[in-house]
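Below are the chains, spelled out letter by letter.
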Amino acid sequence: METPLTRLVGVRRPIVQTGMGWVAGPRLVSATANAGALGILASATMPVDRLREAIRAVKSRTDAPFGVNLRADASDAGDRVRVMIDEGVRVASFALAPSPGLITELKDAGVIVIPSIGARRHAEKVAAWGADAVIVQGGEGGGHTGDVATTVLLPQVVDAVDIPVVAAGGFFDGRGLVAALAYGASGIALGTRFLLTSDSTVPEAVKARYLAATVKDVTVTRAVDGLPHRMLRTQLVDSLERSGRARTLFQAVRRAAGLRKLSGTSWLRMVQDGRALRHGKDLTWSQVLLAANTPMLLKASMVDGRTDLGVMASGQVAGVIDDLPSCAELVERIMKEAEEVRARLAR
Ligand SMILES: Cc1cc2nc3c(=O)[nH]c(=O)nc-3n(C[C@H](O)[C@H](O)[C@H](O)COP(=O)(O)O)c2cc1C
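Before going into details, it helps to say that this report is about the structure given with it. From a predicted model like this one, the values you see are computed outputs, not experimental measurements. (Residues numbered from 1 in each chain as written. Predicted model: local features only at pLDDT ≥ 70, side-chain atom pairs only at ≥ 80, totals over all residues. Heavy atoms only, no water.)

### Concerning the overall build of the protein
Counted only if it meets this: Runs of E in the DSSP output that reach at least two residues are strands. Runs of H or I that reach at least four are helices, and both are numbered from the N terminus. Exposed residues in this analysis have more than 50% of their type's maximum accessible area, buried residues have under 20%, and partly exposed residues fall in between, with area computed by a 1.4 Å probe over protein chains only. Between two residues, a contact is recorded if the distance between any of their heavy atoms is within 4.5 Å.
When helices and strands are counted, the protein shows 15 helices and 11 strands. A total of 347 residues make up the protein; the buried ones form 54% of that total. In the protein, the proportion of contacts linking residues at least 24 apart, taken out of those at least 6 apart, comes to 61%.

### Looking at the site of the ligand
Quick reminder of the rule: Each residue is tested against the molecule or strand, and it is near if at least one of its non-hydrogen atoms lies within 4 Å. Polar contacts, as counted here, are pairs of nitrogen or oxygen atoms within 3.5 Å of one another; within protein the pair requires one atom able to donate a hydrogen and one able to accept it, and residues that are adjacent in sequence qualify only if both atoms are side-chain atoms. Note on areas: Shrake-Rupley, 1.4 Å probe, and residue coverage restricted to the protein chains presented here. Amino acids outside the nonpolar list (Ala, Val, Leu, Ile, Met, Phe, Trp, Tyr, Cys, Pro) and the charged list (Asp, Glu, Lys, Arg) are all regarded as polar, and Gly is one of them.
The full set close to the ligand counts 19 residues, and T18, Q137, G170, G191 and T192 are the nearest of them. Between G19 and the ligand, the recorded distance is 3.2 Å, taken from a backbone N or O atom to a nitrogen atom. For the ligand, the accessible surface in isolation is 610 Å², of which the surrounding protein chains cover 90%. A breakdown of the residues in the shell around the ligand according to their chemical character gives six nonpolar, 13 polar and no charged.

### Brief notes about unusual backbone geometry
Even without being a glycine, W22 presents a positive backbone phi close to 70 degrees. Along the chain, the position of W22 falls in the loop between β1 (15-17) and α2 (26-34).

### Here we look at the pairing of strand β3 (residues 66-70)
What counts is decided by this rule: At least two DSSP bridges between two strands are required for those strands to pair. Note on handedness: a crossover is taken as right-handed if, strands pointing away from the viewer, the path from the first strand over the helix to the second is clockwise.
Judged by how many residues are buried, β3 sits mostly within the fold: five of five residues are covered. Pairing of strand β2 (residues 38-42) with β3, which is carried by four bridges, proceeds in the parallel orientation. Of the residues in β3, the one forming a bridge with G39 is F66. The parallel pair β2 and β3 is bridged by helix α3 (residues 48-61), and the resulting crossover is right-handed. As for the winding sense of the linkage, the β-α-β connection from β3 through helix α4 (residues 77-86) to strand β4 (residues 91-94) is right-handed.

### Side note on the side chain of R13
Among the structural elements, R13 can be located in the loop between α1 (4-9) and β1. In this structure the side chain of R13 is engaged in a polar contact, spanning 3.1 Å, whose partner is the side chain of E332. Residues contacting R13, with those up to four places away along its chain left out, are T6, A35, G36, A37, V331, E332 and M335.

### Some thoughts on the sheet that holds strand β7 (residues 143-144)
An order of β7-β11-β10 is seen for the three strands of this open sheet, with the pairing classed as antiparallel. The open sheet is flanked by β7 and β10 (218-221), the only strands paired with a single partner.

None of this, on its own, says anything about what the molecule does.
Below you can see the structure in the form of structure tokens.
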């Protein structure tokens, strides 16, 4: 199935596995790439030298194109971009809009730039700055999310920009792919569905929590880092929502210290990143500290398997997923179903 996305990136399938912190590592990304879809490595949760190793690990397992997701507002975004260019990464994916300068630097080096956006005006902005395509995430999507549903946001963005649009938020099957194409998208991007594959390194106990979740068990909270964040509702989420400001701040400082140790980030860099994050948003310093903690909370579940201590970011779609196929099985299943749906519609 050829679309403007497959032609732009050089993949066989119009399917993207998104960059999920602690989840989208070399194993998942290379399995996705070998299945013919576009895998995106999550880099915000690793230091720069580890990023180079991770890129090389993907390249050792596949010759297919893949991408790297990074935070445009990180103080070392420039260093990360240079590693990606050096290593010949095909696609740069951004959680927040990259600056025009960063887009130009990447494009001049032949890297395809695909920011993720959650509002029409952001899509218009990055398209004007030269982005090659956009991933549009509707409110049902996992992780940091907006409040406009994919079914409303997607046609709005498709009508507003002339570059390929990839639909994200709530996709898991071939019907969704055909529906997205019908809206004018060039493909679909899936987070939660790829987290729930046998190629994902997320501990089995954590996957079991996702599989057991119903649609109602997925919630949006600001209690973790001050920004709307979609995740499984757990006791931790309940207790964060109940605890007062002082206790929340105390916990935030403790976890920030842990993150600093783990990532090798200096306090100065954490403050710089916090300031960047705060820029243009109505966040208090306590919320900024909480935001710096989010990677630690995600790691506790996604790497250490602590379903009691960790945050389990999740799309609503977790409520309708009940198996763990390999990436190859998943991609083939989606494509087969999409072909069947298209044939049925044509009858
Ligand atoms: C566990 C998890 C971690 C995520 N981490 C990131 C991240 O580091 N950067 C990013 O741009 N998006 C992140 N996201 C959002 C996804 O990339 C994607 O946009 C979203 O999951 C799509 O919605 P879906 O889950 O309904 O497929 C994360 C999502 C999940 C579920």
